[in-house]
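This is what each chain is made of:
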Amino acid sequence: MPSAIGAHVAPAQQSAPASLPTVEEVSAGGVVVDTSDAGLRVAIIARLNRGGRLEWCLPKGHPEGKENNEEAAVREIAEETGIEGTILAPLGSIDYWFTVSGHRVHKTVHHYLLRATGGELTIENDPDQEAVDVAWVPIQELARKLSFPNERRIADLAREVLPGHL
């Protein structure tokens, strides 16, 4: 079966029959925190879904070449938000299913907690131009701002783990 790892696949609007072929995808990203700011701001991005609705989410993307998940997370966060960071801790993985172009995709996303080390907030360096906006959000408000329940759980975990890394 051909692998879709490294390919961009947009979510479908409906579920697929079980008879469709399945591909596995892996992405990595996470929560990058400005620890020099008292509000412990986190950089997040906005994308437009297929229906044109704005969805705020954590930056993430596919590993390229021989990158491991940690390297991909650091690079993707920098590309999508403009913020460079170093990994403080793993935050776990989420997985979900969607359908596109006649096949089902099982996607696993590995999340990490990162300390911001430099850069400026921008979407100008996003090679895929998926992000339409980027914002700093205080970590206490992060879960309320994110569009997806599974990412809200990652945000809550980041809030719990972060004090041990300050």
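Please refer to the structure placed before this passage.
Figured I'd write up the structure that's included with this text. (Residues numbered from 1 in each chain as written. Predicted model: local features only at pLDDT ≥ 70, side-chain atom pairs only at ≥ 80, totals over all residues. Heavy atoms only, no water.)

### Description of the pairing of strand E6 (residues 103–119)
Consideration 1: The buried fraction of E6 is high, at twelve of 17 residues.
Consideration 2: Sheet analysis places strand E1 (residues 22–34) next to E6, joined by twelve bridges and oriented parallel. For Gly29, the partnering residue across the bridge sits in E6 and is His111.
Consideration 3: Note that strand E5 (residues 83–100) and E6 share 16 bridges and pair antiparallel. Looking at the pairing, Gly92 lines up with His111 of E6.
Consideration 4: Hairpin connection of E5 to E6: two residues between the antiparallel strands, including Ser101 at a positive phi of 45°. (Buried < 20%, exposed > 50% of the residue type's maximum accessible area, 1.4 Å probe, protein only. Helix = DSSP H or I, 4+ residues; strand = E, 2+ residues; numbered from the N terminus. Pairing = 2+ DSSP bridges.)

### With respect to the nonpolar core
Consideration 1: Counting 22 residues, the largest nonpolar core has Val31, Val33, Val42, Ile44, Leu113 and Leu142 as its most contacted members.
Consideration 2: Not counting chain neighbours up to four residues away, the residues in contact with Leu142 comprise Val31, Val42, Ile44, Val137 and Ala155. (Core = buried A, V, L, I, M, F, W, Y, C linked by side-chain atoms within 4.5 Å. Contact = heavy atoms within 4.5 Å.)

### With respect to the side chain of Arg75
Consideration 1: Within the fold, Arg75 resides in helix H1 (residues 69–81).
Consideration 2: Note on Arg75: relative accessible area 16%, which makes it buried.
Consideration 3: Those residues in contact with Arg75, other than ones at most four positions away along the chain, are His62, Pro63, Glu64 and Glu67.

### Here we look at the pattern of salt bridges
Consideration 1: According to the stated counting rule, one finds twelve salt bridges in the structure shown.
Consideration 2: As a salt-bridge pair, Arg75 and Glu67 come within 2.7 Å of each other at their nearest N and O atoms.
Consideration 3: Salt bridges linked by common partners bring Glu64, Glu67, Arg75, Glu76 and Glu79 together as one network. (Salt bridge = Lys/Arg side-chain N within 4 Å of Asp/Glu carboxyl O.)

### Some words on the environment of Trp136
Consideration 1: Tracing the backbone through its elements, the reader meets Trp136 in strand E7 (residues 133–138).
Consideration 2: As a C-alpha pair, Trp136 and Thr81 span 55 residues in sequence and 9.6 Å in three-dimensional space.
Consideration 3: Residues contacting Trp136, with those up to four places away along its chain left out, are Val32, Asp34, Arg41, Val42, Ala43, Ile83 and Leu121.

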